[in-house]
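Topology and contacts: notes
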Amino acid sequence: TLNAMVLGQPFIIFYLWVIILIFMSRNMSSTLNNIAYALSSQRILTKRALSVVSSTNTAKQIEGHMRDLEQRFWDLNNQTRVNLSSPKQVADVIQCKSTTKASLKAILCADEYSSTQKKMADILLKWKNLKSQLISIQELAEETKINSQNGSESITYESVHVNRQRLFLEPRNSYIAFVDSLFASQKCQINEMWKDVLLNGIDKPSAKSLVFQLDSNVCPMGYSPVASTGTDNTSSALAANNSQQRKTPLVDFIRERKKRHPTSILVTRVGDFYEAIGIDAILLVQYAGLNPMGGKARAGCPIKNIQQTLDDLTESGFSIAVYEEAMDTDSSTGRGSNGGAKSQLKRRIFAQQVSPANPTYMYDLCLSTGNMDTLSSHIESRPHVGIVHTSAGYTVVEINWEERSVRVSERLPAEAVACRLAAYPPVQPLLYVPTPSELEASRGLNRNIVLPFLPSRSGVDGAGSHMRIQWLRPFLLSGESAQVSELERCKNVFLHELLRTVDESCNEHEHLSPEDFTLVGSRSSSDPFVFETMPLHKETAIQLGLVSNPHIPDLIANLLPQSAPAATRRFLKRWLLVPPPPRIADSMRGILKYVMGQENAQPPMYVPQVGKLVSLIRASQANSHVFQELMGTLSTTVIIIDEYSKAGVVSHLLALVEHESGMKAEELSLRSRCMDALQCIEKVVQPIGNDSPADRCSHFGSLVPPAFFERNEVDWRGRIRREIAESTYTKVEVAAQALVDTMKRDFWGLNIDDATDVGVVVNSKSSLVAHDIFDNMLALKSVPRWAESESEGKYYHPRDRNGKLMKNRWTTKEVEAALSLYIQACQDACDDVKSALTQLSETLCDCGHMPCIIQASHANLISSTCYHHAAYAKERRWTLAEYLMEPDKVLNFEKLNDGFKEPNEEEKETDFEHITSKTGNNANQISESHEKEERAYFSGLWPYWMNENHSVSNSFELSGLFVLTSPNMSGKSTLMRSTATAALLTACGLCAPLGRGSWIKHFDAIFVRGASADVPSEGKSAFGAEMGDIAALFRSCSGRSLVFVDELARGTSPRDGTSLAGAVLEEMALKQLSGFFATHLHGILRLPLKEAAAARLRTKRMAINESALGDEAQSYGWTYKLEDGVCTNSLALKTAERFGLSKHILNRAEAFSDIVTDVGIISSSAIDRDDLVALAANGQSRVASKESIDENLAKGLPVISNFLEGIIKTKVFQIPSQYLPPAQLAGSSCVYVLELKPPARSSSAFYVGQTAHLPTRISQHRKKGKHWKNFDAIAIPIEKGTDEARNIESLTIRELSRLGYELVSWADG
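Figured I'd write up the structure that's included with this text. (Residues numbered from 1 in each chain as written. Predicted model: local features only at pLDDT ≥ 70, side-chain atom pairs only at ≥ 80, totals over all residues. Heavy atoms only, no water.)

1. Considerations on the overall build of the protein chain
If you tally the helices and strands in the protein chain, you get 43 helices and 27 strands. When burial is assessed residue by residue, the protein chain has 50% of its 1309 residues classed as buried. Roughly 61,300 Å² of accessible area belongs to the protein chain as shown, and the carbon and sulfur atoms make up 50% of that amount. (Helix = DSSP H or I, 4+ residues; strand = E, 2+ residues; numbered from the N terminus. Buried < 20%, exposed > 50% of the residue type's maximum accessible area, 1.4 Å probe, protein only. Areas by Shrake-Rupley, 256 points an atom, 1.4 Å probe, with all protein chains shown as cover.)

2. Comments concerning the environment of G289
Examined against the element boundaries, G289 turns out to sit in the loop between α13 (279-287) and β3 (298-302). Once the C-alpha coordinates of G289 and D312 are considered, the two residues, 23 residues apart in sequence, prove to be 8.7 Å apart. Setting aside its immediate chain neighbours within four residues, G289 contacts K204 and L284. (Contact = heavy atoms within 4.5 Å.)

3. Focus: the environment of N305
Summarising the element assignment, N305 is placed in the loop between β3 and α14 (306-315). Taking relative accessible area as the criterion, N305 reaches 31% and is therefore assigned partly exposed. Between the C-alpha atom of N305 and that of Y274, which follows or precedes it by 31 residues, the distance is 9.3 Å.

4. Looking at the packing of helix α21 (residues 582-596) against helix α23 (residues 624-647)
The N-to-C vectors of α21 and α23 enclose an angle of 90 degrees; their axes lie 12 Å apart at closest approach. When the axes of α21 and α23 are compared, the pair comes out roughly perpendicular. Residue-level inspection shows I591, Y594 and V595 of α21 in contact with α23, the latter providing E643, Y644 and A647. (Axes fitted to C-alpha atoms, helices over the stretch in contact; angles between N-to-C directions. Parallel < 35°, antiparallel > 145°, perpendicular 65-115°, else oblique.)

5. Comments concerning the packing of aromatic side chains
Taken as a whole and judged by the stated rule, the model has 25 aromatic pairs. Their ring planes at 45 degrees and their centres at 5.1 Å tell us that F178 and F212 sit as a pair that is tilted. Placement of F178 in helix α8 (residues 174-184) and of F212 in the loop between α10 (205-211) and α11 (234-240) is noted, with a sequence separation of 34 residues between them. There is no split in this pair, since F178 and F212 are both buried. Between F956 and F962, the ring centres sit 6.2 Å apart and the planes meet at 55 degrees, which makes this aromatic pair tilted. With respect to class, F956 is no different from F962; both count as buried. Here a set of aromatic residues connected by ring pairs shows up, and it is made of F938, F956, F962, F1044 and F1076. K1100 extends its terminal NZ or CZ atom over the ring of F962, reaching a point 5.0 Å from the ring centre. Over the ring of F1271 we find R1262; its NZ or CZ atom is 5.1 Å from the centre of that ring. (Phe/Tyr/Trp six-rings, centres within 6.5 Å; stacked < 30°, edge-to-face > 60°. Lys NZ or Arg CZ within 6 Å of the ring centre and 35° of its normal.)

6. Structural notes on helix α33 (residues 972-987)
Given a rise of 1.5 Å per residue, 16 residues ought to cover 22 Å, and the 23 Å separating the end C-alpha atoms of α33 matches this to within 8%. Burial of α33 is extensive: 14 of the 16 residues sit out of reach of the surface. (Expected span 1.5 Å × (residues − 1).)

7. As for the sheet that holds strand β15 (residues 934-941)
Taken together, 4 strands build an open sheet; the order of strands is β14-β18-β15-β16 and the sheet is mixed. Edge positions in the open sheet fall to β14 (882-884) and β16 (954-959), since each of these has one partner strand only. Each strand of the sheet is rotated relative to its neighbour by a mean of 15 degrees, with strand direction disregarded. Direction of pairing for β15 relative to strand β18 (residues 999-1001): antiparallel, over a ladder of 2 bridges. (Pairing = 2+ DSSP bridges.)

8. Quick word on unusual backbone geometry
Most peptide bonds take the trans configuration, and most residues that are not glycine carry a negative phi. The linkage connecting Q428 with the following residue, P429, adopts the cis geometry, with an omega of 5 degrees. Positionally, P429 belongs in the loop between α16 (414-423) and β9 (430-433). The backbone phi angle of E1047 is positive, close to 55 degrees, even though this residue is not glycine. Relative to the helices and strands, E1047 is located in the loop between β20 (1041-1046) and α35 (1054-1070). Since its relative accessible area comes to 14%, E1047 is described here as buried.

This is the structure we're talking about:
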C-alpha cells in the first residue's frame, strides 16, 4: 500500500493516511505505535521507491538499445527476423559453431569470416552485454520490491528497524530474507516448524516461486486467493487486510481445519481430486512432483494417485491430515425428465492422519480390487522412538504404531543408539528424557544441547538440528513400583505422551491406552548371568555392509536370493543390527539345520507386512484379497506346525514367534486358534482360486454392452460367498433381466418372448445404443425409424449426472426406470458386500483372533526367511558354525565390566621383540593361565561377497589379539571384515561362509573399525572420527568382546601415530580383548609394551610369494593366506606400480627410501644434507658387486665404523671382546654393532641395535651364551635421543644388508 502511495504523491497522501489512522485508533498507545511505524516505513520505502524508479528508467533505456541492435542485425540478414536469444538460429546465420562471447570475439579477429559476418558478430556481442546488464538491473529491482514487502510485515517501529538492518545492511539472499520476514511478523499464523522446512527443504524453482505468494498474516497455511503469480506480491498484502475478499467456502473450511493440524500437511477431497493450498501445496510441488494450479500456491492429485502422493510425503518425514467428502444425500440423482442439478454444498469429514509411522491411507478400501501390497503403502513404516538417558547408558523405546508393539533396549552406548537411528529413521519428533544434571545444564528445556547419538551439521544450531527433539522431564519416570518393571515404566511414559500429541483431534486414538501396545523382543540387562550380544555400533554396521555404503558389499543381498520377499530382507537386517539373545539365535540355528536337510517340498508361504495387515483389519478396510491372503497365511501356519512337530523343531519356531510377537506361543493353542480364525474367514470369503459361475458379471450377448454390466458389478462380485447375500444377488439378476427386456422392446423393437432373430437384429443395429461411462447410462443415439410413429411423448432427452439435458441422447421412461432399479440393486449389493467384509474385520477383532493373526504372520515370515536363507546358503556352500555358551564357567558380572586385571607396578616393561625371540617357535602357544583363551576356530573362511571357487579361504584359531602386518593389497582388511561377518552371522544363528568344523564362543559385543575418511558434516577430520570410535570401543567392549581395528592412526604423523597405536594396542591387550589389530606402523613391534599385554599378542601376517627374476629384480605374489610372523615390508612401491604410477616417480621414491625410516626422515642434525643427497642419488644401485661384498666382509667392523663416522660425524667407540663399554655411554642413546663369530662358520654375523643404556644391553647379550659370549662391538652416541637412534639403526641395517653383511637383526630394517 505504501509503495503505491509513495510512487504517487508521497507526502500529501502519506499524511492523510496518518490522520485516518489516528481517528480509527481506539487507544492512544496503538495510535503512537502506528505513527512511529508509518514514519519509519515512509523513510525506508521512499528510498526503495526511488531505487525502483531509477532502475526502471535504466532498464527501459537498455531495452531500447537492444531493439536497435536487433533491427541492425535483421537488416544485415536481408530483413529476415532472427531470435538473438537462440544460439542455434544465430549460429546458422553467422555460420559459426558457437555463439559464446569468447567465440564472437575470435570471429572479429579471424580472417576466414566476411565483413558482414564480423558486423553481425559485433552486434550480437553488444546485444549480449546489454542483456547481461538488463538481467542484473531486473534482479536488483525485484529484490528491492521483495525487501519492501518484507519490511511492511512488521507492525512496530522496533520491528521495522530490525528488518531495515537485516535487509539493507546484510547481503542476504532474497528468498531467505522473505522466509524470515514471514515468521518475524507478530501476526504470523504459520507454525514455527515450517520455517526450517522452507529454508532447508525447498530447492525446486517451481516450489520456491510459490513461497513468495505466502502471507503469514492471513491463515495458518499462508494462502491468499488473490496473491500474484510472481515474486512481487504487493497485491497479496493488499488483500490480506480484507479478510472477506474473494473467500470461498472451501478455503474457509481448509483454514479452519489447519488450525487443528498446524504441524501436518492438510489434503482435502474436492470431487475427483485431493487438493492442498498455501504452504501445504508448496510441499506437494516439492516432494510429490505435482504442478501448481494456475501458477498459484495450490496443488492436487487425482484420487487414484493419493497413496503414491502420501508415500512421497511420508517418506520425507511429513504427516498428512486427509479430509474426505461425505455422501451428498440432499442432491438430486440427476436422472429423469424432471431431474435437477446437484447441490453445491458438500460436507467433509476427517478421514485419517497419515504419518511415517502409519503411511497407509485406509479409506474406502473394502471393495478395491488390489491385494495388500497394492492397497498399502510401498514404504516401510517408521517407529516412534523415545530415549531415556540414565547413568547406565541409554534406554531406547521403539513404538510400532501399525503393529501396536513396543521394543525396549536398555544400557546402550551412544554409538549403538546412533546406529539404530541411522538404520531406521524415526518419526519426528524424537522423544527424549535427559538426566537431571543434563536438564540443569541445558537451562530448562533448551534443545540446543549436544546429544552424542545425533550427528551435527556445520552452520546450524545444535547437534542433530535436522531432527526435531521433544524433551520430557525426568520426573515422569520417577515413582518406582514393584508391580511395574523398568521396561513397562519406560513404555508407558512415551506412550502416554505419544497418545496425547500424535493428533489430539483424531477420534481413532481416543480409546487407545498403553495397555493396547504389546512389549516385544525387548532387551534387558538386569540379569547379570545373561550375556547378550550388544546392538551394533554405527561404524561396525557400515563396515559389515548393514548400513548403506557404496564401497562395501551389501550383506543382506548376500544372505537372501533376489526372489526373496522384501519383508524377509527387512527382518534379517533388524535381526543382525540387534543380535537376538543366545537362546533365540539357537532356535534360528535349529530351524535352519532342519530346513537345510529337508527333502520334502515346502508349503506356499505368505509373507504379509504384519503391521499393514493388522492396520487394515483394525480399520475395517481389509478387502477380499487381503482375507484370501490371510487364509493362506493361517493354513500354512497350521501345516508348518504339524511338520515341525513331527521333526521335533516346533519349539524353535514357537520361541522365535514368541520373541517377535511378544505373546506366549504354545503349539496346540496356536494351531487351534489358527483353525478357528481360518473357519471364521472361510464362512464369508471365497477361497483363492474358487471361481464360481455365480461370481461372474451379468452377460446378455450384444443386446446390452458387456462393459456396462462389468462397470456396475465388478466391484462386488467374487468378494464373498453368494449365500452370505443371496437375496441381494437375486435382486440384481432380476433387475438385470428386466432392464434387458425393456431395452429389447423400446430400443430394439423386439418381442420380449421372441429371441429367434435377436442376434441378427442386434448386430445390424448395435450402433444405436450408447454406453456413457461417466453418467453410467444406456441411451439411444437417435430415435429408431421403426419407432418414429410412436416417438412423440415416449422418447425424450435424459439428463446427465449434473442435471443437464443430453440433447444428443434419447431414452424412455420404462428404460430409465429399469436402469435406475438395476443400478440401485447393484448399489445395494455393493453395500451388502462391503458390510459383510466390514463385519468380518470387526468379528476378527472382537472375538480375539488378532493375536493369532499376528503370530501366524510372524511364523510365515520366519519360515520364509529360513527357507530362502537356507536354500541360498546351500547354493553358495555356506555352513552353520557351532556357537558355544561355556556353561561350565561361572560368570562374574563385575569382572566382565572391568574386562581385565590391572597389572601391578612391579611388572617390568619388556621389549616385544625380546619376548618373541625368547619364546622362539612357541611364541603363539597359550600359557597355563590362558589355556581356555581361544575365542573361535574358523575353518575355510572366505569373503561373504565372493564365490568360494573364486576366492582364497583361510583356516585359523582366534586366540588372543592378532597383530596383523602385511603388504598393501594383500587382503588383510578383507580377512578382518570376513571374520567379523562370520562371527556376527554365527552369533545370530545364521549360515556363514565357513567350512565344517568351525566354532565360535559367545561374545558380548563385536566392534569393527575400518579405515575411513573425514566427516565434514559433523566437523570431524578422519583422525578425529577414528579417535571417537576408539574411545567408544573402550567404553563398550569387555574381555568377552571381538574387536577388529584396521590401520589405526594413519591420519597423523608417523611418530605420534606409532605411539598412539601402540598405547591403544596395549590397552586392548590388557582388557583381554580378542580379534585383529592390523597396521603398517611397524615401530609398534619394537615398543616396550607391558609384559601382560605382550603375552596376549600374536604376530600374524599375510603370506607373500617372493621369487628372483634376475640379479636386480624380484617378483612378489599375493597369496591372501594368513600365517605366523611379522612383515615389515609393505611393498607400497610394488602396489603403486601395479596401479600405473609412472616409473620415474617410483625410482625417485626408491631412492628416498634410503633416508626415510618407519618413524621419519633422519634429521639434518645427525646427517649433513650433502650426505643425504648423495645417499639418495646413489640409491638406484641397490645391489653391491661381488668384489665389493668380499672386500667388505674381509674388513668387518672397520668398514662399518667408517660408514657410521661418515654419516654421523661423531667418534665411534671400539669395544673389544670381554671389555666393558665406556662409562660415558651409560644413560645416553647410542647405536651399536656386534660382530658375532660362530665357531662352525668362517664368516662373521652382525647384530645392529640401539639402546639408552649400553652397559646393561651388552651384558644381556653376553648372557645368551655360545657365540654371544665373545664378540667385538662398536658404538656411536646419538645426541637427538631414542627416535633418532632408531632411525640410524634402521638405516644402518639396510646399508649393511646392501653391502652383503649377514645380519641377525634384519627385521628391524
